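Report on the structure
Single-letter residue listing:
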Amino acid sequence: MTPNATAQFPTGLDDHFRAVAAASGELDVAYDVLDDTPVGPLLVGVSEHGLCRVHFDPEPEAELDVLARLFGPRVLRAPKALDRVRRELDEYFVGRRHAFDLELDLRATPEFHRRVLEELNRVEYGHTTTYGTLAAQVGAPRAARAVGTVMNRNPLPIVLPCHRVVGANGSLTGYGGGLERKRFLLALEGRVEPAVVAQPALDGLTGF
Amino acid sequence: MSGIPPFELFYESHKGEVLAFLRRRAGHDRADDLFQETFLRALRAYGRLEHGEHLRAWVLTIASNAVVDAVRRERPAAELVADPASEDERPAVEDLAPLTDGLPPKERAAVVLRYGYDLDYDAIGAALGSNEQAARKAASAGVRRLRKEKEQR
């Protein structure tokens, strides 16, 4: 690291290179950190095949290593490449978008996980399903726990709506990004009252 | 994976030094374009690097060659090769300088990157702004030239 070099570095030149790199088609992953979403900072990444990463509370260095390992070392913060993702998420967060219209890159996701996530992707805005239901839909009715693991490792939370998966008794159960966020997203979609755990109110939701 | 850092870290670590180097070598006005050129060349080759060592030397060599190419586009080739100033302060080749001093810039860079830094020809080609085959050719021409010089001494 060159001392002071970063502080004096012309931002225009830096922005320009990142834009040129994004347009070059040479990046394995272009990412950006969206700092001001209602669920806190979100790291989002796209490859040439589509959205490949959504991550809560990113610790950039660790996350970059993960991306490099999964997709290749040419990982660069390139906000321009995320314009569309940013716009769709913004629309979602203000309630104007109910379905994402993005290519998804699940190359780095194991086969079983991918099948579950594809099934998950059919759960519509404002609806919920259960771990057991999803397990049955992929032909593994006893694999509710495994489905829970798939949700926990969902590489594209929010976009692949694992927040819409709840326990058989309607409890929120768990969420990779923390229950607080799960509750927020379900409230945004009109599914639960904001900031209320409200298990009794959810009892009727058992099943789907 | 053999310790190749994500490009973001590589870029952030070296962008300041590369820009300063380009400004020194090519002037403020031309440095910005050469900066883009340098890191684009590096990006193109980055996925084919076999290890993450000597990345500073590597990117400064790319920068140095981007300058050479730009100057060559503007001036007749003969003038450049004969210009000893343009061969000085090539930071990446310092260590092997005494040995490779007499070589033309491309051959010198190819030899140093291959034998000094152990890069593969793919990466060297990108560093030189050409391709694997040209890099292989430049390195072997350089080695031949060195042998000949040695025999003549």
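Residues numbered from 1 in each chain as written. Chains lettered and ligands numbered in written order. Predicted model: local features only at pLDDT ≥ 70, side-chain atom pairs only at ≥ 80, totals over all residues.

A few points about the overall build of chain B
Stated formally: Helix and strand labels come from DSSP, where a helix needs a run of H or I of at least four residues and a strand needs a run of E of at least two; each type is numbered from the N terminus. Exposed residues have 12 or fewer other C-beta atoms within 10 Å of their own C-beta, buried residues have 20 or more, and residues in between are partly exposed; the C-beta atoms are placed from the backbone. Once C-beta atoms have been placed from the backbone, residue pairs whose C-beta atoms lie within 7 Å are recorded as contacts.
A tally of regular secondary structure across chain B gives eight helices and zero strands. N-terminal to C-terminal, the α/β element order of chain B is α-α-α-α-α-α-α-α. A buried classification covers 44% of the 153 residues belonging to chain B. Considering only contacts in chain B between residues 6 or more positions apart, those separated by 24 or more positions represent 62%.

Topic: the domain arrangement of chain A
All names here are of chain A. Our working definition: Domain segmentation is taken from an automatic or database assignment of domains. Polar here means any residue outside two lists: the nonpolar Ala, Val, Leu, Ile, Met, Phe, Trp, Tyr, Cys and Pro, and the charged Asp, Glu, Lys and Arg; Gly therefore counts as polar.
By the assigned domains, chain A splits into domain 1 (5-93) and domain 2 (111-205). The centre of domain 1, based on its C-alpha atoms, is set 27 Å off from the matching centre of domain 2. On the domain 2 side, the residues contacting the seven residues of domain 1 number eight residues. Along the lines of polarity and charge, the residues of the side of domain 1 that touches domain 2 split into six nonpolar, no polar and one charged.

Points about the environment of aspartate 105 of chain A
Residues and elements named next belong to chain A. Structurally, aspartate 105 is set in the loop between helix H4 (83-93) and helix H5 (111-120). With 21 C-beta atoms counted inside 10 Å, the residue aspartate 105 sits in the buried group. What aspartate 105 contacts, discounting residues up to four positions off in sequence, is Ser47, His49, Gly50, Leu51 and Cys52.

Points about helix H1 (residues 7-26) of chain B
Counted only if it meets this: Helices are assigned an expected span. That span is 1.5 Å times one less than the residue count. Fitting axes to the seven residues ending at a residue and to the seven starting there, one defines the bend at that residue as the angle between these axes.
With 20 residues, H1 of chain B should reach 28 Å at 1.5 Å per residue; the first-to-last C-alpha distance of 25 Å falls well below that figure. Histidine 14 of chain B marks where H1 of chain B bends most, by close to 45°.

Digging into the environment of alanine 141 of chain B
Residues and elements named next belong to chain B. Looking at the element boundaries, alanine 141 is found in helix H8 (residues 132-152). The exposure class assigned to alanine 141 is partly exposed, which follows from the 16 C-beta atoms found within 10 Å. The spatial distance from the C-alpha of alanine 141 to the C-alpha of lysine 106 is 9.9 Å, given a sequence separation of 35 residues.

Remarks on the interface of chain B and chain A
Contact residues are listed per partner, giving 22 residues for chain B and 24 residues for chain A. For the side of chain B that touches chain A, the secondary-structure elements that each account for two or more residues are H1 and helix H2 (28-46) of chain B. Broken down by class, the residue content of the side of chain B that touches chain A amounts to 12 nonpolar, four polar and six charged.

Quick word on the pairing of strand S3 (residues 50-56) of chain A
All names here are of chain A. Under the convention used in this document: For two strands to be treated as a pair, DSSP must find at least two bridges joining them.
Most of S3 sits out of view: five of its seven residues are buried. In this sheet, S3 lies alongside strand S2 (residues 42-47) in antiparallel orientation, the contact comprising six bridges. Bridged to valine 46 within S3 is leucine 51. Remark: two residues form the turn of the hairpin made by S2 and S3, two consecutive strands paired antiparallel.

Topic: the confidence of the model for chain A
All names here are of chain A. Formally: Summary of the metric used: pLDDT quantifies the predictor's per-residue confidence within the range 0 to 100.
Averaged over every residue, the pLDDT of chain A is 89; the share at 70 or more is 89%. Across chain A, the element-wise mean pLDDT spans from 40 in helix H9 (residues 199-202) up to 98 in strand S4 (residues 75-77). Every residue in residues 1-6 scores below 50 in pLDDT, and together they form seven contacts with partners more than four places removed in sequence or on other chains. Contacts of residues 196-208 to residues separated by more than four positions or lying in other chains number 21 contacts, the stretch itself having pLDDT below 50.

Focus: the nonpolar core
Note that soluble globular proteins tend to have their nonpolar side chains buried in a common cluster. Note the cut-off: Joined through C-beta atoms within 7 Å, a set of buried Ala, Val, Leu, Ile, Met, Phe, Trp, Tyr and Cys residues constitutes a nonpolar core.
Membership of the largest hydrophobic core comes to 95 residues, with the highest contact counts inside it found for Ala30 of chain A together with Leu22, Ala63, Ala110, Ile124 and Ala127 of chain B. Both domains that meet at this core, namely domain 1 (5-93) and domain 2 (111-205) of chain A, each give it at least three residues. Setting aside its immediate chain neighbours within four residues, alanine 63 of chain B contacts Val18, Phe21, Leu22, Leu34 and Thr38 of chain B.

Observations regarding unusual backbone geometry
Residues and elements named next belong to chain A. Backbone geometry at aspartate 57 places phi at a positive 45°, although glycine is not the residue there. In this fold, aspartate 57 is placed in the loop between S3 and helix H3 (60-71). Since 13 C-beta atoms lie within 10 Å of it, aspartate 57 is described here as partly exposed. At threonine 173, a position not held by glycine, the phi torsion is positive, near 65°. Take threonine 173: it is sitting in the loop between strand S6 (165-166) and helix H8 (179-188). By C-beta crowding, threonine 173 is classed as partly exposed, having 16 other C-beta atoms within 10 Å.

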